[in-house]
Amino acid sequence: MPIKVQSGLPAREKLEWENVFTMDEKRAMHQDIRPIEVGILNLMPLKEDTELQLLRALSNTPLQVDVTFVTVSSHESKNTSLSHLNEFYSTFEEIKDRKFDGFIITGAPVEKMEYEEVDYWKEFEEVCEWTKTNVTSTLHLCWGAQAGLYYYYGIPKHLLDHKMFGLFEHRVSNRKIPLVRGFDDCFLAPHSRHTEVRKEDIEKVPELTILAESEKAGVFLVMDETGKKIFVMGHPEYDRMTLHSEYIRDKEKGLDIQVPENYYENDDCTIKPNLMWRAHANALFTNWLNYYVYQTTPYEYITVPQK
């Protein structure tokens, strides 16, 4: 089934080129099915890239997914045009009276700052508090996961000696949980972060379960006992060239950046990297939508389509 996106969204043309089924609002009105309403708080600087990555990840499901992109009003984006934000995004103030089946909070390049120093931290706290009553299940990614664990449980983050950057092997630690259904025992996922949340701090919270971790990259996937809050420490949504783009960007800026681990063949950045994590990324997002969003949405959240 398709992803419903706004007419004119640049990502739609790219998705259709990839044979991802999308539809605009006009066509969706004629679909006599109950769609899933998913909001995405996009905190990444290159918002259009993240839109494409997340829409692609949400498309591998038999369910119709209606996506609403959300931005914070307490921060001025420097990398995305105001016209794009005005046309395709809603502010939190504009959507806070709505109910959503699922909600995604992305990462953000503010890891080295204390949470309270981030200019939109108060608004982030409002969003997290709002999800408790207005969202069936929220998926937190990378910085969004670390910040969520800090807000809900007071779990701190720790600065790493060097950036956790590359493609790392992870092992599933609890196969009985539907979120990792269909996963192999070991799988790959990208990481790009300067901080970490430590396993011993997570294990102090009885309602949290670690579902997957890496010997090198640490904890990857954490879930609360209800499935209402899910935390992903890496970037499974990244496409083939995202780590490459980040590496070249930082290298050109003269930053002390290491070659992303296990990403290029022979660490040669002139060789196109293999895409080796897409299948598990798709499984993660599909399992989330099916088992923790669609199957558990309270009846009062449901808007019956009008004939």
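Keep in mind that what you see is a predicted model, and the values were worked out from it rather than measured. (Residues numbered from 1 in each chain as written. Predicted model: local features only at pLDDT ≥ 70, side-chain atom pairs only at ≥ 80, totals over all residues. Heavy atoms only, no water.)

1. Section: the overall build of the protein
Looking only at helices and strands, the protein has 10 helices and 12 strands in total. Taking all 307 residues of the protein together, 55% fall into the buried category. Looking at the protein alone, contacts between residues at least 24 apart form 73% of all its contacts between residues at least 6 apart. Roughly 14,800 Å² of accessible area belongs to the protein as shown, and the carbon and sulfur atoms make up 47% of that amount. (Helix = DSSP H or I, 4+ residues; strand = E, 2+ residues; numbered from the N terminus. Buried < 20%, exposed > 50% of the residue type's maximum accessible area, 1.4 Å probe, protein only. Contact = heavy atoms within 4.5 Å. Areas by Shrake-Rupley, 256 points an atom, 1.4 Å probe, with all protein chains shown as cover.)

2. Quick word on the packing of aromatic side chains
Scanning the entire structure with this criterion turns up 21 aromatic pairs. With centroids separated by 6.0 Å and ring planes inclined at 50°, the aromatic side chains of Trp 121 and Tyr 150 adopt a geometry described as tilted. With Trp 121 in helix α6 (residues 121-134) and Tyr 150 in helix α7 (residues 143-153), this residue pair connects regions lying 29 residues apart in the sequence. Counting every residue linked through ring pairs, the aromatic cluster contains Tyr 115, Tyr 120, Trp 121, Phe 124, Trp 143 and Tyr 150. (Phe/Tyr/Trp six-rings, centres within 6.5 Å; stacked < 30°, edge-to-face > 60°.)

3. A look at the confidence of the model for the protein
As a general rule, the predicted coordinates of low-pLDDT regions are not to be interpreted in detail. This prediction gives the protein a mean pLDDT of 89; 86% of its residues lie at or above 70. Below a pLDDT of 50 lies the segment residues 27-32, which in the model reaches 10 contacts outside its immediate sequence neighbourhood of four places, other chains included. (pLDDT = per-residue confidence, 0-100.)

4. Things to note about the pattern of salt bridges
Side chains carrying opposite charge are able to pair once their charged atoms draw close together. Throughout the structure, instances matching the rule amount to 12 salt bridges. A salt bridge links Asp 250 to Lys 163, with the shortest nitrogen-to-oxygen separation between them at 3.8 Å. Residue Asp 250 is located in helix α9 (residues 242-252), and its partner Lys 163 is located in strand β8 (residues 158-172); the two are separated by 87 residues in the primary sequence. Pair check on accessibility: Asp 250 and Lys 163 agree, each one buried. When the shortest N-O distance is used, the salt bridge between Glu 196 and Arg 198 registers 3.3 Å. Each member of the salt-bridge network shares a partner with another, and the members are Lys 163, Arg 249 and Asp 250. (Salt bridge = Lys/Arg side-chain N within 4 Å of Asp/Glu carboxyl O.)

5. A look at the nonpolar core
In this structure, Val 38, Leu 58, Ile 104, Leu 179, Leu 221, Ile 230 and Trp 288 are the most contacted members of the largest nonpolar core, which totals 38 residues. When residues in this core are grouped by element, the largest group, seven residues, is from helix α10 (residues 278-294). Not counting chain neighbours up to four residues away, the residues in contact with Ile 230 comprise Ser 137, Thr 138, Leu 139, His 140, Leu 179, Leu 221, Val 222, Met 223, Trp 288 and Tyr 292. Ile 95, Tyr 115, Tyr 120 and Leu 149 belong to the second-largest nonpolar core, a separate cluster that totals 36 residues. (Core = buried A, V, L, I, M, F, W, Y, C linked by side-chain atoms within 4.5 Å.)

6. Overview of the pairing of strand β11 (residues 218-224)
The two faces of the sheet receive side chains in turn, since in a regular strand these alternate between them. Here β11 lies mainly inside the structure; six of its seven residues are buried. Relative to β11, strand β10 (residues 208-214) runs antiparallel, the two being bridged by six bridges. Within β11, the position partnered with Leu 208 by the bridge is Asp 224. The antiparallel pairing of β10 with β11 creates a hairpin that spans three residues between the two strands. The turn linking β11 back onto strand β12 (residues 229-232) is made up of four residues, and Gly 227 within it adopts a positive phi angle of 80°. (Pairing = 2+ DSSP bridges.)

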